[in-house]
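Working through the structure, step by step
Listed here are the chains, written in short residue letters.
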Amino acid sequence: MSASDVNLQYVPTWCPGCGNFGIFNSLKKAFATLQLDLEQTVLVNGIGCSSKIGQYVNCYRIETLHGRSLPVATGVKLANHSLTVIAEGGDGDGMGLGMGHFVHTARRNLDISYFIHNNQVYGLTKGQTSPTSEPGMLTKFTPPPLGNVERPVNIVDMAISLGASFVARSYTGDMNHLADMMAQAISHRGFAVLDILQPCVSFNAINTYAWYQQRVRRIAETHDPENRDQARALAGLWGDEIPVGVFLREERPTFADSLAQLKDGPLASRPLEGADISGLMEELA
Amino acid sequence: MNKDFTCLFAGEAGYGVMSAGSTLAKAAGRNGLWAFVVNEYPSLIKGGLNTCLVRLAASPLQAHEESLDFFAGLSQEGLEQNYSRLKPGAALLVDTAIKVESSRLPSDVRVYLLPLIQKGSGDVAKIMSNSAMLGAFCAISGFPLELVETVLAGEFKPEVFAKNRELLRAAFELAAEQAVVASFPLPVGANPAQKMLINGNDAISMGAIQAGCKFAAGYPMTPGSSVLTYLADHGPQFGLVFKQAEDEIAAMNMLIGAGYAGVRAIGSTSGGGFALMVEALGFAGLAEVPVVMVNAQRGGPSTGQPTRTAQADLAFVINSSQGEFPRIVLAVGDVEECFVETFRAFNLAEKYQIPVIILTDKYLADSSVTHPFFNTNGLTIERGKLADETWLAANRPYKRYEFTDDGVSVRAVPGMAGGRHIATSYTHGEDGFYSSGNREYAATEPEITVKALDKLFAKEPHILAELPAVKLHGPETADLTLVAWGSTKGAALEAMELAKAAGLSVNLLQVLYMSPFPAAAVEAVLGKAKHTLLLEGNKTAQLGALIRMHTGIYIDDNYLKYDSRAFTPSLILEKIKEVLA
């Protein structure tokens, strides 16, 4: 399988120069690198510019509601834990409406990868603040003179503290690095969070390609991703220097491992017939 | 008519009055009698007034009655609230600490003041008080003590049972000293036919298990959560996974994920929780993902009355979520329907690739009834147009949402070779692709929009043709036709029998499936009815409005009960007499 096998015939409707093109290309590259079986792969999207990616990728996809990719992905994974399940969505989608799900999915450590297209603005609704917007950012909903007065969510720091077992960040301007991070996240057994920094060329005048080029730094090889404290210290960096790479990698049992019902294979492949409920009735006799 | 006997056990939460009631009901049910058990409790954990009403008869019961042959109470509040329910000649058993006002008693009530509340502290003493109450009850009513002992022996560990039996017998002896021992008015004897003491939510859960349901998700909300509790407890032995979600929104979306991935899935909640799920309900509708939801109605709006009953979510549930899309809504009326129709709900969900909502209520969900074992013969699992890889290999390219005459397309699930597709919450064409903005679709968007909606609604006539949408109980024609739905069925059926015994001609139209609305079937019955009386547990006659909307038929009289308690046969009989007078 090559990256082009992942393409569908439809032409993406992202704005020219949109960071989503880089994410799309990296995703295809990661799929090809891993030689993923596309019949066994499910991409679960939220809603927004980010989530249009599902319309162009030739695996099984379910395009859900705004903010709801993670609970749907949870249902898919529990129904058939042999599938490769990737959830994705934007910063507005996942850190706004979907924040509650993010918190609890991380706690559960299901074997799902979660790719967050983080452009620090709401794009498809044409330019409002997102939970990751910079303080002072001027948007339609946060006009001058104050602009945005809220502190941004630090996705990486939060994912680490919530219990995600793989946490990484990458940048859409470095497609090879991004493809590598995606491949590592998909290969990781457990909940893998990938924060993808992505310029929005239409509505975010602050976090531009040039802005990121000046700041993005690959995490040094001396960093030990199994060291939680180190990972958190690194996650706290944001500003003149923005680390990208793998912050945390932890091998531990997944939620599905704890379920005896899944030991005999996926729920989806069990026969429906043959439940003998006579014991249940006798219990009430 | 069935001679019956009704006893009310009352006490603060924590004293086990509900287990006293179910013990008596089980003992009776195992020995030839039939029981109907209604629990009433406020929304708190300890204190407050809990009551457990047990109605017993020699033939099957489908409702409770308010008037009491026996009151057994451990709290003053319990007595205060129930003076007026005592029948003349009833027996009143209360703890010696309780003050009885003789002037408030009907004629010939026999009063027994006995030391029931056990000394000592903690929950053990409370539960033991419950045994004392049961022992004294047996002495006074003449209900065989050994039958109660047999039930308790099966439910306690031997040492706990021994202590309780001691107390049970001591209280029995003490009461017997005072009592002119009455003989229990119903024929208690062994009966080989096995019966269960089962409530509606247990029956729904069993129906789901029988239907091969393998996934459940939810967030606790009374009175819907007991389905989830049951499945969490009993599901694993049938390979079912239950996931407690962070909220109802997550729960519904998890169910959709599981349904999309090919697993039969169920959720259960009450109106407020359902309200949170409705955006995702529309998603299931548009993406054509099969999913089964239970909405156990309680009093509303808002937090309303968590532990009380109502039938007021009908209009909401059939219209819930934005836009237009078909869904199946069925209003179960008794435990048999809870079991059988839940089984059918899973078949319907997959055959029509549609969300199915089972509408029940606190009264049905939580009241227990003795019922024969369910007959599982003839319950066949039907998965509808579910693809397999051979079919997918022969039918390329695969179109998930192919336009068909019956509106149903072949469904592939992840993992199947050749079935890759997008399932989406966007309005879409045959391949699932979003129809707006993309140059491939832009020109045809209006056409695709129409076709996509027509596809969804093409299912409705086929669903209607398959559904056992209405049931006509009683004679084909009658002077008065009752119209009811959901748990009101039981009281209405008994009222119909009472009316017959009183020489009145009454039948009952039960609307079982509410959406798609069975207009033709309802019209066929009501078009011939001489006079009609609507019975509903809500303020605004919601079914009446639906009937009017779909058939143009106005129901002649309404009896709407929205006082947070269920209908009883005698109340309905009174209204029948009034209407026919």
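Residues numbered from 1 in each chain as written. Chains lettered and ligands numbered in written order. Predicted model: local features only at pLDDT ≥ 70, side-chain atom pairs only at ≥ 80, totals over all residues. Heavy atoms only, no water.

As recorded by an unreviewed UniProt entry, chain A carries the name 2-oxoacid ferredoxin oxidoreductase and is attributed to Anaerosporomusa subterranea.

Quick word on the overall build of chain B
A tally of helices and strands in chain B yields 20 helices and 21 strands. What you see for chain B is a C-alpha radius of gyration of 26 Å, in line with the 25 Å of a compact globule of 581 residues. By the burial criterion, 61% of the 581 residues in chain B qualify as buried. If you take every contact in chain B between residues at least 6 apart in sequence, the share linking residues at least 24 apart comes to 74%. As displayed, chain B offers around 20,800 Å² of accessible surface, 52% of which is attributable to carbon and sulfur atoms. (Helix = DSSP H or I, 4+ residues; strand = E, 2+ residues; numbered from the N terminus. Rg over C-alpha atoms; globule rule 2.2 N^0.38 Å. Buried < 20%, exposed > 50% of the residue type's maximum accessible area, 1.4 Å probe, protein only. Contact = heavy atoms within 4.5 Å. Areas by Shrake-Rupley, 256 points an atom, 1.4 Å probe, with all protein chains shown as cover.)

What about the layout of surface pockets?
Residue and element names in this part refer to chain B. Approximately 610 Å³ is the volume found for the largest pocket. Considering the residues around the largest pocket, the lining is formed by 21 residues, among which Asn39, Asn199, Asp202, Asp366 and Ser368 are closest to the centre. Of all the secondary-structure elements, those providing two or more residues to the lining of the largest pocket are helix H1 (17-29), strand E2 (34-40), strand E7 (195-199), helix H6 (200-210), helix H7 (225-234) and helix H12 (362-366). The element that contributes the greatest number of residues to the lining of the largest pocket is H1, accounting for 4 residues. Tallied by class, residues from the lining of the largest pocket come to 8 nonpolar, 9 polar and 4 charged. (1 Å grid on protein atoms, 1.4 Å probe; cavity = no way out; pocket = protein on both sides within 12 Å on 5 of 7 lines; lining within 4 Å. Points joined across faces, edges and corners; volume = space filled by probe spheres on them. Nonpolar A, V, L, I, M, F, W, Y, C, P; charged D, E, K, R; others polar.)

Considerations on the interface of chain A and chain B
Listed per partner, the contact involves 54 residues of chain A and 72 residues of chain B. For the pair chain A and chain B, the summed buried surface comes to about 5,300 Å²; carbon and sulfur atoms form 64% of the total. Looking only at chain A, the three residues that lose the most surface to chain B are Tyr60, Leu272 and Leu284 of chain A, adding up to 15% of its buried area. Taken together, the connections running from chain A to chain B amount to 2 salt bridges. Arg108 of chain A serves as the salt-bridge partner of Glu246 of chain B, at 2.6 Å between the closest nitrogen and oxygen. At the junction of chain A and chain B, the tally comes to 23 residue pairs in polar contact (both at pLDDT 80 or more). For the side of chain A that touches chain B, the secondary-structure elements that each account for two or more residues are strand E2 (60-63), helix H2 (69-79), helix H4 (99-108) and helix H9 (278-283) of chain A. Residue contributions to the side of chain A that touches chain B peak at 7 residues, all from H2 of chain A. Residue composition of the side of chain A that touches chain B, grouped by class: 30 nonpolar, 14 polar and 10 charged. (Buried area = accessible area lost by both parts, 1.4 Å probe. Salt bridge = Lys/Arg side-chain N within 4 Å of Asp/Glu carboxyl O. Polar contact = N/O pair within 3.5 Å; in protein donor to acceptor, adjacent residues only side chain to side chain.)

Section: H6 of chain B
Residue and element names in this part refer to chain B. By the criterion of burial, H6 is predominantly enclosed, with 11 of the 11 residues buried. Residues of H6 that are buried include every one of Gly200, Asn201, Asp202, Ala203, Ile204, Ser205, Met206, Gly207, Ala208, Ile209 and Gln210, and no others. Directly beyond the C-terminal end of H6, a positive phi value near 85° is found at Gly212.

Considering the sheet that holds strand E13 (residues 355-361) of chain B
Residue and element names in this part refer to chain B. Read from one edge of the open sheet, 7 strands run E9-E8-E10-E11-E13-E12-E19, paired in mixed fashion. Both edges of this open sheet fall to strand E9 (241-244) and strand E19 (513-515), since each of them pairs with a single strand only. Averaged over all neighbouring strand pairs, the angle between strand axes comes to 20°, with direction disregarded. As defined by bridge partners, strand E12 (residues 328-331) adjoins E19 across 2 bridges and the pair is classed as antiparallel. Paired with Leu330 across the bridge in E19 is Tyr513. Contacting strand E8 (215-218), E9, strand E10 (265-269) and strand E11 (291-297), helix H8 (residues 248-260) runs over the sheet at an angle of about 165° to E8. (Pairing = 2+ DSSP bridges. Axes fitted to C-alpha atoms, helices over the stretch in contact; angles between N-to-C directions.)

Regarding the environment of Arg308 of chain B
All names here are of chain B. Position of Arg308 among the secondary structure elements: in the loop between E11 and helix H10 (314-319). Judged by its relative accessible area of 15%, Arg308 is buried. Considered as a pair, Arg308 and Tyr363 are 55 residues apart in the sequence and their alpha carbons are 7.7 Å apart. Not counting residues within four places of it along the chain, the set of residues in contact with Arg308 comprises Glu40, Tyr41, Pro42, Gln297, Arg298, Gly299, Lys362, Ser564 and Arg565. A distance of 3.4 Å separates a polar atom in the side chain of Arg308 from the backbone oxygen of Tyr41.

As for the sheet that holds strand E7 (residues 216-218) of chain A
Taken in spatial order, the 9 strands of this open sheet run E7(A)-E8(A)-E5(A)-E6(A)-E4(A)-E3(A)-E1(A)-E2(A)-E15(B), and their pairing is mixed. The open sheet is flanked by E7 of chain A together with strand E15 (422-424) of chain B, the only strands paired with a single partner. The sheet shows a mean angle of 20° between the axes of neighbouring strands, direction not considered. The pairing of strand E1 (residues 41-45) of chain A with strand E3 (residues 84-90) of chain A spans 5 bridges and is parallel. Within the sheet, the bridge partner assigned to Asn45 of chain A lies in E3 of chain A and is Glu88 of chain A. Running over the sheet, helix H1 (residues 19-34) of chain A touches E1, E3, strand E4 (112-118) and strand E6 (192-197) of chain A and is turned about 155° from E4 of chain A.

Re the nonpolar core
Core analysis: the largest hydrophobic core is formed by 104 residues, its most contacted members being Phe102 of chain A together with Phe215 and Leu543 of chain B. The biggest single contributor to this core is helix H9 (residues 271-287) of chain B, with 9 residues. Leaving out residues up to four positions away in the same chain, Phe215 of chain B has contacts with Leu78 of chain A together with Leu240, Val241, Lys243, Met254, Leu255, Ala258, Val263, Arg264, Ala265 and Ile266 of chain B. (Core = buried A, V, L, I, M, F, W, Y, C linked by side-chain atoms within 4.5 Å.)

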